[in-house]
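A structural walkthrough
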Amino acid sequence: MESTMQFKKIFFKLLFCAFAAGSLSLSNAQAADLPDQKLQKLAAEAVKKSRIELGYPSNQNIALDGFYQWYIKSGLSGLLLNNAGNPFTSSGTLNALEIERNVIEFFAPLYGFDVKETWGIISMSGTDGNNHGIYFGYKLLKGKTQIDPILYVSKEAHYSNKRLADLQNIDMRLIDCDRMGRMDPNAFRKALDPKRPALIVFTMGSTFKGAIDNQKVINAILDEVKPVAVYRHVDAALFGGFLPYTVHKDLVNRKVNPFDSIAISGHKFFGMDVPCGIFITTQEVLKKQNPFDIPYLNGAMPMINCSRSALSPLKFYWIIKKVGIAGFTANAEKILNHANYLKKRLDQIGWPAWIGEYSNTVFFKRPSQAIIDKYHLAPEYDERFGGDLAHVVVMPHAEKALIEAFISDLLKETKNKAD
Ligand SMILES: *Cc1c(COP(=O)(O)O)cnc(C)c1O
């Protein structure tokens, strides 16, 4: 008895020391770190660079100041929320699973899902959404037929699909593309194996040329060749963000162009300031997955990751309320108009340039490295367009003044060459 008491006393003393040491070192660290010049420098440079970013699909018009003010005022900045769990079956207080479900249910109808039949998550990224689409598709097809599926994806699709096929050990057929980057129907027909299930990944906005695979033509081939089973996943990381608010909205409407799942990046079009994504599928597809019932998380855990961000759904919800359909529509119109404006200006100055249908991506003869660096352009090589290329992805912060500054830099380059 005596010795237990003694032990407890020592134990609590040690515990107290550990806490004291912990808080002491924390406050020392804080005192030493602030203001951190390294961080200040990073911020100053990033703020400046963000205004002339043209090469990658990031929306630099982030409007989350109000969110961060609310977040601190609410007390949430002093605790952890964690969306570990299924947003369609779990709830509770130290997470934002209900808000996550609200966000998915806001977006689902825009892609032709009936809310009642919808399942989805706010994923880590477009890649994470593709991971779920490919995984769910593979398991559904294999379960239905007991035959190993083949994944078909275009050569110009985002590399994540190829990486994920490799990671998940799935047979993949890389399909040639036409000049503008769309899956070539004849090459697809040749590659399509009727005896094995087909896991199709449609690209909506190929990485460099911004091409959209022609679903109608590919579907007609599937109807004709009739593989034993078909699953369609749409990789719409960039274009899936803006297409629902344009006259081309049927391209991502599964009621018009059928598909089983779709992945969209949150940090590309919508103005999220951290990588995240939307992954949407149906309850039907979900039912075909191994549920891995986990009692301590209140049920099935169909998603690949356990812990997921609760902050991303909160921010997404904020953006939906603040920007909403009207704001998304205005931004979608703006980026498509400005992309066409950029193409027109390049034509006017005689700079070889191309743009696909429905696209906010303009690709052109590659300028000097100085211009590439200044605007953070992405390079590519394609002999069909004369070799060295670069592209601009026109995002909501790309105002006409920025496009004009870019054009005038290109003009200086042609003048220098002529001299
Ligand atoms: C950006 C992009 C991806 C990757 O998305 P992340 O959110 O960066 O993981 C995948 N596919 C396409 C078509 C993309 O544009």
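Details of the structure are given in the entry above.
These lines cover the structure that appears in this document, whether it is placed above or below. As the structure is a prediction and not an experimental result, all values here were calculated from the model.

Before going further, it helps to examine the overall build of the protein chain. In terms of helices and strands, the protein chain carries 14 helices and eleven strands. Seen through its principal axes, the protein chain has C-alpha atoms that stretch 90 × 60 × 35 Å. Counting all 419 residues of the protein chain, 50% fall into the buried class. Sequence-distant contacts, at least 24 apart, represent 72% of the contacts inside the protein chain between residues at least 6 apart. Roughly 20800 Å² of accessible area belongs to the protein chain as shown, and the carbon and sulfur atoms make up 58% of that amount. Charge centroids of the protein chain, computed over 50 positive and 42 negative side chains, lie 2 Å from each other.

Let us now look at the site of the ligand. For the ligand, the set of nearby residues contains 13 residues, the closest of which are G126, T127, D235, S265 and K268. At 2.7 Å, a backbone N or O of G126 approaches an oxygen atom of the ligand. Starting from 380 Å² of accessible surface for the ligand in isolation, the protein chains cover 86%. Here the ligand occupies the largest pocket. At three residues, helix α5 (residues 126-145) tops the list of elements feeding residues into the shell around the ligand. In terms of residue class, the shell around the ligand is made up of two nonpolar, nine polar and two charged.

As a further point, take the environment of G143. As for its position among the elements, G143 is in helix α5. For the pair G143 and L80, spaced 63 residues apart in sequence, the C-alpha separation works out to 38 Å.

Secondary-structure assignment places D193 in the loop between α7 (185-191) and β4 (198-203). One buried charge, D193, has no salt-bridge partner; the nearest side chain with opposite charge is K195, at 4.4 Å.

Per the stated rule, a full pass over the model turns up zero disulfides. Distance from the sulfur of C276, which forms no disulfide, to the nearest cysteine sulfur (C306) is 19 Å. Here C276 falls in the buried class, since its relative accessible area comes to 1%.

Below, the discussion takes up unusual backbone geometry. Of note, N169 is a non-glycine position whose phi angle comes to about 60°, a positive value. In the Ramachandran plot, H376 falls in the positive-phi region, its phi being about 55° despite a non-glycine side chain. If you trace the backbone, H376 turns up in the loop between α13 (369-375) and β10 (378-382).

So, on to the pairing of strand β11 (residues 387-393). Here β11 lies mainly inside the structure; six of its seven residues are buried. When strand β9 (residues 361-365) meets β11, the two strands line up antiparallel, connected through five bridges. For K365, the partnering residue across the bridge sits in β11 and is L389. Pairing of β10 with β11 involves five bridges; the strand directions are antiparallel. The residue of β11 that forms the bridge with D382 is G387. Here β10 folds back onto β11, and the loop between the two strands holds four residues, one of which, G386, carries a positive phi near 85°.

Our focus in this paragraph is the sheet that holds strand β7 (residues 277-282). On the basis of which strands lie adjacent, the open sheet formed by seven strands has the order β1-β7-β6-β5-β4-β2-β3 and mixed pairing. A single partner strand is all that each edge strand has here, and the edge strands are β1 (118-123) and β3 (171-175). Shown here is a sheet whose adjacent strand axes are inclined to one another by a mean of 15°, direction ignored. Pairing analysis gives three bridges linking strand β2 (residues 150-154) to β4, with the strands arranged parallel. Bridging from a neighbouring strand, L151 pairs with L199 of β4.

Here we take up the environment of L94. When you line up the elements, L94 lands in the loop between α3 (65-73) and α4 (97-107). Given the relative accessible area of 57%, L94 is considered exposed. Residue contacts for L94: discarding those within four places in its chain leaves L79, L80, L81 and N82.

Turning our attention to helix α2 (residues 37-50). Taking 1.5 Å of rise per residue, 14 residues should cover 20 Å, and α2 covers 20 Å from first to last C-alpha, within 8% of that figure. Its side-chain oxygen placed 2.7 Å from the backbone nitrogen of K38, D36 serves as the N-cap of α2.

Let us now look at the sheet that holds β9. Taken in spatial order, the four strands line up as β8-β9-β11-β10 in an open sheet, and their pairing is antiparallel. Edge positions in the sheet fall to β8 (353-355) and β10, since each of these pairs with one other strand and no more. Within the sheet, the average angular offset between the axes of one strand and its neighbour, ignoring direction, is 30°. Those strands touched by helix α12 (residues 324-348) are β8, β9 and β11, and its axis lies near 155° from that of β8.

Across all of its chains, the model carries 24 salt bridges by this definition. One salt bridge connects K255 with D114, and the closest N-O pair in it is separated by 2.7 Å. You can see K255 sitting in the loop between α9 (239-242) and β6 (261-265) and its partner D114 sitting in the loop between α4 and β1, a full 141 residues away along the chain. For K255, a relative accessible area of 54% puts it in the exposed group. For the salt bridge of E224 with R189, the shortest nitrogen-to-oxygen distance reads 2.6 Å.

Parameters at a glance
- Residues numbered from 1 in each chain as written.
- Predicted model: local features only at pLDDT ≥ 70, side-chain atom pairs only at ≥ 80, totals over all residues.
- Heavy atoms only, no water.
- Helix = DSSP H or I, 4+ residues; strand = E, 2+ residues; numbered from the N terminus.
- Buried < 20%, exposed > 50% of the residue type's maximum accessible area, 1.4 Å probe, protein only.
- Contact = heavy atoms within 4.5 Å.
- Areas by Shrake-Rupley, 256 points an atom, 1.4 Å probe, with all protein chains shown as cover.
- Lys, Arg positive; Asp, Glu negative; His and termini not counted.
- Charge placed at Lys NZ, Arg CZ, Asp CG, Glu CD.
- Near = heavy atom within 4 Å.
- Polar contact = N/O pair within 3.5 Å; in protein donor to acceptor, adjacent residues only side chain to side chain.
- 1 Å grid on protein atoms, 1.4 Å probe; cavity = no way out; pocket = protein on both sides within 12 Å on 5 of 7 lines; lining within 4 Å.
- Sits in = over half its atoms within 2 Å of the grid points.
- Nonpolar A, V, L, I, M, F, W, Y, C, P; charged D, E, K, R; others polar.
- Salt bridge = Lys/Arg side-chain N within 4 Å of Asp/Glu carboxyl O.
- Disulfide = S-S within 2.5 Å.
- Pairing = 2+ DSSP bridges.
- Axes fitted to C-alpha atoms, helices over the stretch in contact; angles between N-to-C directions.
- Expected span 1.5 Å × (residues − 1).

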